[in-house]
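# Analysis of the macromolecular model
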Amino acid sequence: MHLATDFQNMVYEHPSLPAALKAEMYGWLREHALEERKPKDTEEQFIYKARKKAIGPFKKQLWGLPTAERAAIGASLEQRFTFLMKQLRVDGTAAVVKRFVTPGGGRDWPRG
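Position numbers for residues start from 1 in each chain and track the written sequence from start to end. The model is predicted, so local features are restricted to residues of pLDDT at least 70 and side-chain atom pairs to those at 80 or more, both for listing and for counting; the totals for chains, interfaces and linings are taken over all residues. Excluding hydrogens and water, the side-chain figures rest on all heavy atoms present in the structure.

### Brief notes about the overall build of the protein
Helix and strand counts for the protein stand at six helices and zero strands. Runs of H or I in DSSP of at least four residues are treated as helices and runs of E of at least two as strands, each being numbered from the N terminus. Helices (α) and strands (β) of the protein occur, in sequence order from the N terminus, as α-α-α-α-α-α. With the C-alpha coordinates aligned to their principal axes, the bounding extent of the protein is approximately 50 × 40 × 25 Å. Accessibility here uses a 1.4 Å probe with only protein chains present; expressed as a share of the type maximum, an area under 20% marks a residue as buried, one over 50% as exposed, and anything in between as partly exposed. Out of the 112 residues belonging to the protein, those deemed buried represent 22%. Contact between two residues is taken to exist if any of their heavy atoms lie within 4.5 Å; hydrogens are not considered. Relative to all contacts within the protein whose residues are 6 or more apart in sequence, the contacts with residues 24 or more apart total 59%. Of the roughly 8600 Å² of accessible surface on the protein, 60% is carried by carbon and sulfur atoms. His is not counted, nor are the chain ends; Lys and Arg add positive charge and Asp and Glu add negative charge. To locate a charge, take atom NZ for lysine, CZ for arginine, CG for aspartate or CD for glutamate. Once the 19 positive and 13 negative side-chain charges of the protein are each reduced to a mean point, those two points are 6 Å apart. Note on areas: these come from Shrake-Rupley sampling with a 1.4 Å probe, and a residue is covered only by the protein chains present in the view.

This is the structure in structure tokens:
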């Protein structure tokens, strides 16, 4: 599974995501993301594949969730991210990264 998909799934399935907002997002998909639907897809398959497209249009509502809901969702994401970094054995490598990576260093790379 792609990590971004995993994090997205965690947000959509988190108990702190208001059911009304999730329903509104899914309704938006049924109207604006029909190109994602294949003839043999069930409703559940369609929603699962298409829901990445609802994040942008609902960004304001997601960021505007009450602090407690945002904090609960954020804590779950942070917990998963920390677990993954430990499994990949990259925790404690900040000093090494700092030697080779400069913040914003990629902005001046040639495009092509």
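### Some words on helix H2 (residues 19-32)
For an α-helix, 3.6 residues make a turn, and residues three or four places apart therefore share a direction. The length a helix should cover is 1.5 Å for every residue beyond the first. Taking 1.5 Å of rise per residue, the 14 residues of H2 would be expected to cover 20 Å, and the 20 Å separating its terminal C-alpha atoms lies within 8% of that figure. Of all the residues in H2, the buried ones are Leu21, Met25, Tyr26 and Leu29. Projected down its long axis, H2 carries its buried residues within an arc of 135°, all on one side. Set apart from the buried face of H2 by more than 90 degrees, the exposed residues are Ala19, Ala20 and Glu31. Looking at the buried positions of H2, the neighbouring elements they touch are helix H1 (3-13), helix H3 (43-50) and helix H4 (59-63). By construction, the arc corresponds to the directions joining the helix axis to the C-beta atoms.

### Observations concerning the confidence of the model for the protein
The pLDDT score gives, residue by residue, the confidence of the prediction method on a 0 to 100 scale. Overall, the predicted model of the protein reaches an average pLDDT of 91, with 92% of residues at or above 70. Across the protein, element-level confidence peaks in H2 with a mean pLDDT of 98 and bottoms out in helix H6 (residues 94-100) with 88.

### As for the nonpolar core
To form a nonpolar core, buried Ala, Val, Leu, Ile, Met, Phe, Trp, Tyr and Cys residues must be joined to one another through side-chain atoms within 4.5 Å. Tyr12, Leu17, Leu21, Met25, Leu29 and Ala54 are the most contacted members of the largest nonpolar core, which has 16 residues in total. The biggest single contributor to this core is H2, with four residues. The contact partners of Leu29, leaving out residues within four places of it in the chain, are Leu34, Phe46, Ile47, Ala50, Arg51, Lys53 and Ala54.

### Details of the side chain of Asp41
Within the secondary structure, Asp41 is located in the loop between H2 and H3. Here a polar contact is taken to be a pair of N or O atoms separated by no more than 3.5 Å, where protein atoms must pair a possible hydrogen donor with a possible acceptor and residues adjacent in sequence count only if both atoms sit in side chains. A distance of 2.7 Å separates polar atoms of two side chains, one belonging to Asp41 and the other to Lys49. Beyond its immediate sequence surroundings of up to four residues, Asp41 is in contact with Glu36, Phe46 and Lys49.

### Here we look at a nonpolar patch on the surface
Residues forming no salt bridge and having over 30% relative accessible area are the ones grouped into patches, like charges within 9 Å of each other and nonpolar side chains (Val, Leu, Ile, Met, Phe, Trp, Tyr) within 5 Å. By salt bridge we mean one thing: a side-chain nitrogen of Lys or Arg within 4 Å of a carboxyl oxygen of Asp or Glu. Residues Val96, Val97, Phe100 and Val101 make up a contiguous nonpolar surface patch of about 390 Å² in total accessible area. Structurally, Val97 is set in helix H6.

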